[in-house]
Each structure stands twice: as C-alpha cells, then as structure tokens.
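# Fold and contact review
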Amino acid sequence: MLFLCLATGMARAVTLPQDHPYQKVLREHLAAFTEADLAVERKKFTVDEEFLKDEERAFEAWLALSDLSRPCWERPDFRAPAEHYLLKTIESPEGLRMKIGRGRDLPHPTYPAWWATWKYPGNPYLGDKALLRRALVMAIADMVVYDRFLESPEAEKAIAGRTSCIGGHLLAEAYTYFCAKELLPEPVRKAYEEGMIKMFARLEAKGPDGINENINGKSLVGIAYLTKAVADPALARRCEAYAERMLSTKQVGIVHPVGVVRDAGGIETSYNGILLYDLVWAALATDWPILRESARELTAFKGKLTLPEPDGGYWFGPNHFNSRVGAGDSPNDQWNASGRDVGLAMLDDGALYLPVSYRRLPGSRSLDPRPGLAELPPLEKMQAALRAFVEAQNRETPSGAVAPFPLWHEGGISGHWGPMIPYASQNYRPGIYRKLKEFEAKKSELLVPPVTRTSSFTELLPTEDRIFSEADRNTFLLYRRPSFYAMVFSGRLGWHSFLNFGGGGLSAFWTPEGGPILLGRSNGYEGNQWKTFRLWPCNMVAGATARGDGFSTARLRREICKVLYWKQGEEAGAVYGGSLNASLDGGRVCELGSKGNLKGENYFERTVTLRPRGVEMNVLFKSDGDDRVIELFEVLPVFLRDARRQKDLEPATIEVLAGGEWKTVADAWTEGVERIRIRRAKGGAEIELDRPRRVKAATSVEGLWETTRPFEVRNLYLDLLGKDGETPFPSTEMTYRILPAP
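Here we take up the overall build of the chain. Within the chain, the regular secondary structure consists of 19 helices and 28 strands. Buried residues in the chain amount to 62% of all 742 residues. Partitioning the contacts of the chain with sequence separation of at least 6, the portion at a separation of at least 24 is 72%. Within the structure as shown, the chain displays about 27,100 Å² of accessible surface, and the carbon and sulfur contribution to it stands at 50%.

Running from amino to carboxyl end, helix α13 (residues 269-285) crosses helix α15 (residues 338-347) at an angle of 50°, the nearest separation of the two axes being 9 Å. By the angle between their directions, the pair α13 and α15 is classed as oblique. Here the hand of the crossing between α13 and α15 comes out left-handed. Counting all contacts with α13, which are made through Gly-273, Leu-276, Tyr-277, Val-280, Ala-283 and Leu-284, the residues of α15 involved are Arg-340, Gly-343, Leu-344, Met-346 and Leu-347. Taken together, the residues of the contact of α13 with α15 sort by class into 8 nonpolar, 2 polar and 1 charged.

Turning to helix α18 (residues 432-441), its buried residues number three or more, namely Ile-432, Tyr-433, Leu-436 and Phe-439. Along the axis of α18, the buried positions cluster into a sector of 130°, meaning they face one direction only. Buried-residue contacts for α18 involve α4 (55-66), α15 and α16 (379-393). Within two residues after α18, Lys-443 carries a phi angle of roughly 50°, on the positive side.

Quick look at the pairing of strand β19 (residues 602-611) now. Of all 10 residues that make up β19, 8 are buried, and the element is covered over most of its length. Pairing analysis gives 8 bridges linking strand β18 (residues 571-579) to β19, with the strands arranged antiparallel. Each bridged residue has a counterpart across the sheet, and for Tyr-576 the counterpart in β19 is Arg-606. Sheet topology note: the β19/strand β20 (residues 614-623) ladder contains 10 bridges and is antiparallel. For Tyr-603, the partnering residue across the bridge sits in β20 and is Lys-622.

Side chains carrying opposite charge are able to pair once their charged atoms draw close together. Going through the model one piece at a time under the given rule, you end up with 51 salt bridges. Across the pair Arg-481 and Glu-570 runs a salt bridge whose closest N-O atoms are separated by 3.2 Å. Of the two residues, Arg-481 is situated in strand β11 (residues 476-481) and Glu-570 in the loop between β17 (561-568) and β18; the sequence distance between them amounts to 89 residues. Judged by its relative accessible area of 46%, Glu-570 is partly exposed. The residue Arg-534 makes a salt bridge to Glu-631 at a minimum N-O spacing of 2.7 Å. One end of the pair, Arg-534, is in the loop between α19 (524-527) and β15 (540-545); the other, Glu-631, is in strand β21 (residues 628-642), and 97 residues separate them in sequence. Owing to a relative accessible area of 29%, Arg-534 belongs among the partly exposed residues under this scheme. By relative accessible area, which is 17% here, Glu-631 ends up buried. In the salt-bridge network here, residues are joined through shared partners; they are Glu-571, Arg-611, Arg-613, Glu-616, Arg-675, Glu-686, Glu-688 and Arg-737.

A word on unusual backbone geometry. Cis geometry marks the peptide bond from Leu-461 to Pro-462; its omega dihedral reads 0°. Checked against the element boundaries, Pro-462 lands in the loop between β10 (457-461) and β11. The backbone of Ala-264 shows a phi angle near 50°, a positive value even though the residue is not glycine. The topology assignment puts Ala-264 in the loop between β6 (260-263) and β7 (266-267). Of note in the backbone geometry, Lys-443 takes a positive phi value of approximately 50° without being a glycine.

Reading the values: rules and limits
- Residues numbered from 1 in each chain as written.
- Predicted model: local features only at pLDDT ≥ 70, side-chain atom pairs only at ≥ 80, totals over all residues.
- Heavy atoms only, no water.
- Helix = DSSP H or I, 4+ residues; strand = E, 2+ residues; numbered from the N terminus.
- Buried < 20%, exposed > 50% of the residue type's maximum accessible area, 1.4 Å probe, protein only.
- Contact = heavy atoms within 4.5 Å.
- Areas by Shrake-Rupley, 256 points an atom, 1.4 Å probe, with all protein chains shown as cover.
- Axes fitted to C-alpha atoms, helices over the stretch in contact; angles between N-to-C directions.
- Parallel < 35°, antiparallel > 145°, perpendicular 65-115°, else oblique.
- Left-handed = near helix turned anticlockwise from the far one by under 90°.
- Nonpolar A, V, L, I, M, F, W, Y, C, P; charged D, E, K, R; others polar.
- Arc of directions from axis to C-beta.
- Pairing = 2+ DSSP bridges.
- Salt bridge = Lys/Arg side-chain N within 4 Å of Asp/Glu carboxyl O.

Such coordinate-based values are descriptive only and should not be taken to indicate function.
Structure representation (structure tokens):
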C-alpha cells in the first residue's frame, strides 16, 4: 500500500500508483496540467426567455432544479483553488490528497461533469474545459489509487472491496469519461478505458455479494456509461449480460421476484428507493430491455405497497419486513427525488402517478420546486423557479477558503453511496410533460395510486413463472375488493441482528374511506429491542414466560415453518406455522439469553382467509404445557396518524363493545369484549371476536420505531389466556374477523 519514502532526512511526497502502464500514462497526463488549465472563473447565469416559453423545454430544465440542493459555487468542485488539482498538491508527504465523496465539503467528479454538460442555454459553465479537467483529475486519481487498493490483500476483507463499492467508483469514472473524454488525447483515452474495463472485469468476477444489494445499483449506472463512452460492441454485450445477471429474477440476483430489492437475506422497501434511483438512471441512459423491465416490475410492486389516505394527499405502507431501515416504506423510500419519479414515468405509463399526485413534505432546500398535491407544475411556476434559481446562483461567492482535500484512504469507501445528479434532465425524453398534462386534463386513473384504480384483484406473489428458489415462494398475498385491501407477508426475514418482523401475519388493512387502518411497521436494528417486544407494531402473537422474558411469533422464521397460499374463486388464504422453540441463524422467537428460551414443545399456526366481506384470522397453539407463562396475546397494530405530516387529522380511535355498551379501549384488560370498532378519517373497521374476550391497548402512542418522524401506531391486544397470573402454556385457539366499517 501507500508509504512514505524518506531520503536525506526529508519526507518525500507519496506518488500516485504506477504499478501498471496505464497508470503511468494517466499520471503523466495529470503532471502536464498547469493552474491556468484548472482555473474556474465565476460566471453569471442568465434567464433565457425564449427557452422558457416552451413548456417541454422549461420542464426539462425544471427537472434539473428539482434535484439540485444548493448553488454550484458553494461546491468545492467550483470554489477550490486550481492548485488543489495539481499533481504536486495531490501527491503530498502526508498522503494523496484527493478523497472524493458525497459530503458537503468533499469533491466528486460527477458534479462538475454534469454542470459542464447541462444544456440549459443560460448555463455559463456549459462546455467549461477547466471544470471538465477538474472532474478528470478527480476521476483519474481515484481510479489508479483504488486499483492498487483492490489488488491488495486488505481488499477482500474491507467494505471498500465489495462490489457495491466497486460499482460506485466505476460510476464516477465512467460518467466523467462520457462527459469529458473529448479533452483527452488518444493515448490517454486508451489508458483511461483500460482502467475502467479492468474495474468492470472485477465486477464480473465477483458479482453481487449479497450485502447492500441496493448499492449494487451503482454498478448499473457505471456499466451503462461505460458502454456509452467506449465504442466496443463486445464490451457492450458483456455489460448488458452483467445487468441481466444482477436483475434477473430467474436466479438469485439483487431483486426479489415480487419486485423489490433483496437486502441482508430479506427485502427492503426503504433501500429499494436507492436501487430505483440508479436503475432509472441506467435505463434512461441505455436501451437495454432488462433495465426497463426491471424498472416496470419494481414500480408495479411499489404501487401495490402504496396505501393513500382518503384525501389522496399522503401515502403510507407497511415496512415491518424491512431488513434494516424501518423509517422508510415503499411510497416514502430513500432517494425519491422528483427526477427519479419523472424518469420512471418516462419509462412506464404505470408510473405516471408518481411525479404528480403525491403531497411531499416541504424540504429543507431554499429552492424546492417539486410538485404539490395532484399538481403538474404549470409553465408560470417553472419559469418562476428558473428565475429564482438563476438569482440564487448569481449571489455572492461564499466567504472563506476551501481547505486542501482530505487524504485518500480505503476506509473512506468513497464509491459506496455515489452521487445524486439531475439525470432525468440530462436524459430527457421529450413529450413526457405533454403526456402528463393531457392525462391530468382528462383525469386519468393512471394519475392516482394503483390501489385506488380498481375494485378487485387477488395476487399470490411471486407468480409461478418468476419462482427460481423455493425459499421465495409464497411471500405476499394481496387481496383487493371494493370495500378494503388486505396484505399478508410470509417471506423470509433478514439476518438475525437486524430484527425485522414476519411470522406470517397481516401487513396492512386499508379502506377507501379510512385509509391505512392496520399497518405493520419496524425500525430494523436501529430501534427494535426485546425489552419493548409488546410494542412491536406488527400482527403477531406475543407473550411472556413466568420469569417475564418475552417471546413473539414476529421472529418466527419461515425456514423452519410451513407456508401455504391458496386461491379459490373469490376467496384466498395463507397458512403459516412452526415451532416456537426452534431457532435458525440466531433468529430466535424468544428473548436472547439462557433464561429467555422456551423449553417445551409449543407449536403456532396462523390461518388468514380473505373473503369479499373481510378478513378472517385463526390463531392456533398446541403445547405440551411444560413452559409456564403469564401473558399470551394477539397483536394488531392500529395506525393512528403521522403526527408531523397529519397534524390536522384526528388520530384513529379504538372502542370496545362489552356488556352491551361501547367504550373507549383502556390500557388495562376489559373483560367480555364482543366487538371492537376502529374509527379513522371518514371510515374504519370493525373486529368480530369468536367469543367474549379480554382486550386492551398499549399504554401510549409509541414512536420509537421511526427515525425521521413521529409515526403513531397503537397496538391492540386480544387476550389468549383469559386470566391473570401464571399458567402452563395453553393449547388454545382464537378466531376473529376484520371487516370494513359499515
């Protein structure tokens, strides 16, 4: 690896690697640059009034603004003095000063490359050679140093050696080359291409590694721009084949066959947004069918997990099955920039609703021209946004000098997260604004979320034609009828340390008038702890041993269970059952530790039957009675509201019918409850119990599953013991029905 050479008592600079001929050629090219070659002048943006008269062109430019977080001259790529990019500065006695990354004070080659190729007529940096040279300096330095790291023994063990990071570095280098290669002499082009192709060969050899599969999407962008920039048909075929290897559901790639990214052994709706971001970018940049098909599949499933509120304003979805990130669900996933959603709409009419019908939270950006509720930005709004953008870009230069760039080191994993740039504007497909406007005028159902478009469907996912691994069979059961929508999840859990929730329960119950009434949630490893198992917001059976140690079917793994889906006529159902005593890969259903494990034979089975009238749930336990318990109850997570975004919405209320009288549910057991009534928005649900039972609700609204906002869920408990005090683990059964409010 890198080291300091000492001679005559003085420290010498660490030089860029020259282990291979291509590295020597690239270093020699950097050595020839002068400060004049790399000096970027401050220039004024202008408003091109003729350009802004055309709705389609204005929308193309507006898309760029919607994804730009701050004026360009605040970026170190612009403000840094030219000497920062000289070889004599990069090669310092302390190490190589050229760490790239996404941080506010870190340079990244894709940003200056984008600015220098943004074709808005009022962009003064369009074609700016100094800016493009800066991008090339960053990309070249990163390429040659990262190559040396990947050849070191440390790479096999380090995060920075994973394919998810390799793809991010390739993205930076290939995109920069695509934008700036015209500035390179032919020998330097060949050397640069050799370095990129060598990095791609590493991707081919390693393949997706099953870790951070969402970040592996960076590889798709990298190989897309590699084929755009390098005229080599054979290389293009290899790159497309690698994309198919990554995305095909006929093998265990990065996409689960239901249409969502795999992650850490499970699935991830929040991280799915990051994969979508890069998948759409690559699909717009190439004509590979696999990219467009995958974008369509992920969009389709995203829509099926999107549950709109009755007014259409906010959307929510279940996320209890997320392997790692609980704060995000399908409609509120990560990296959901406007450009991504418009890009999806360019690729697939099924995604037309995404950019125009969702009321987003006001962002922290001073310039945030993203659309509001059911609103395509009119020409006047886009023109105003462009003028405000120009004014912001032309304000005073931020004061203070830019510090020398940080030292490159392999632990920095600069390629892991990758950049966010306005790729939908750069790869704009004319006509999308006109199409959206026409569909809006005729009030097309394609501009509302899919669950509100149709009255009935039943889906057992994945479908038979998409099953490659038996472990993926029977993952979701979706049932939509005019009065409600119910979702069942019976898929695999992620690795045990992430503590996501499964167990074959109900993920969501939604009605057109009440919105999401029951909603399974999680916060991955960030917040779920056994000490709060009673508050885990998901459909489960939970309890406590005589010692007070918890157990829950939410951690019952399907690898040791039987799972069966069925559909017959208007009915469908799911059966999920297994032993509470078994564990797999550390995924215990009991609290970790010697005192928390159940000792006897305790078998659990849940049967969900979906009928046009509603959902019937049957919970069954068979036990030898060796264990003694003090609690055993069924849990239903009632979604009250999002307190930050829905301040004006009255939280959902829960009432119980006991002794012929309706009363507000208490946090202590109410005896003899026959029915339960949940009121939410303008609708709700009723729960019919098979016989009078004890019912209570969580003491208070808990928000500890959310990291970004107070998401209010209150657990409802249906007792399976019938009394207080210690008792042998019972063989018992419960049946109840969830019906949309009349």
